Amino acid sequence: MKKRLTDQQEFEIMKMVLDKFLWLGFIVMAYGMYQMFNSTIAVGLTWLAAGAVLLILFVVMIVKEYEVIR
């Protein structure tokens, strides 16, 4: 028989995973800024947009998964 997690335990695990997702989005956007300074602005903006889309995707996934209906 499998042990079930409480809502609090599930939320704590979600916070640990969310931290990694936020770092990934930040790194992609920071690389975009680096590309803007060293390459062309268009390439940098593409990387920045990709990082923003990544962060928005993670937010949508988290809200969908952990939405509490009362």
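Further up the page is the structure itself.
Residues numbered from 1 in each chain as written. Predicted model: local features only at pLDDT ≥ 70, side-chain atom pairs only at ≥ 80, totals over all residues. Heavy atoms only, no water.

> For this particular structure, what's the right way to read the pattern of salt bridges?
Within this structure, the stated rule accounts for 1 salt bridge. Of the charged contacts in the structure, one is a salt bridge between Glu12 and Lys15, with a shortest N-O distance of 3.4 Å. With Glu12 and Lys15 both in helix α1 (residues 7–38) and 3 residues apart, this pair spans about one turn of that helix. (Salt bridge = Lys/Arg side-chain N within 4 Å of Asp/Glu carboxyl O. Helix = DSSP H or I, 4+ residues; strand = E, 2+ residues; numbered from the N terminus.)

> Quick question: what am I supposed to make of the packing of aromatic side chains here?
Two descriptors summarise a pair of aromatic rings, namely the distance from one centre to the other and the angle between the planes of the rings. Scanning all chains against the criterion turns up 4 aromatic pairs. Measuring from ring centre to ring centre gives 4.8 Å for Tyr31 and Trp47, while their planes differ by 90°; the resulting arrangement is edge-to-face. Separated by 16 residues along the polypeptide, Tyr31 in helix α1 and Trp47 in helix α2 (residues 41–66) bring together distant segments of the chain. With a relative accessible area of 36%, Tyr31 lands in the partly exposed category. Using a relative accessible area of 38% as the deciding quantity, one classes Trp47 as partly exposed. By the ring-pair criterion, three or more aromatic residues cluster together here, those being Tyr31, Tyr34 and Trp47. (Phe/Tyr/Trp six-rings, centres within 6.5 Å; stacked < 30°, edge-to-face > 60°. Buried < 20%, exposed > 50% of the residue type's maximum accessible area, 1.4 Å probe, protein only.)

> For this particular structure, what's the right way to read the environment of Ala49?
As for its placement among the helices and strands, Ala49 is situated in helix α2. For Ala49, a relative accessible area of 42% gives the class partly exposed. Along the sequence, Ala49 and Met29 sit 20 residues apart, while their C-alpha atoms lie 7.7 Å from each other.

Coordinates in, geometry out; function isn't part of it.
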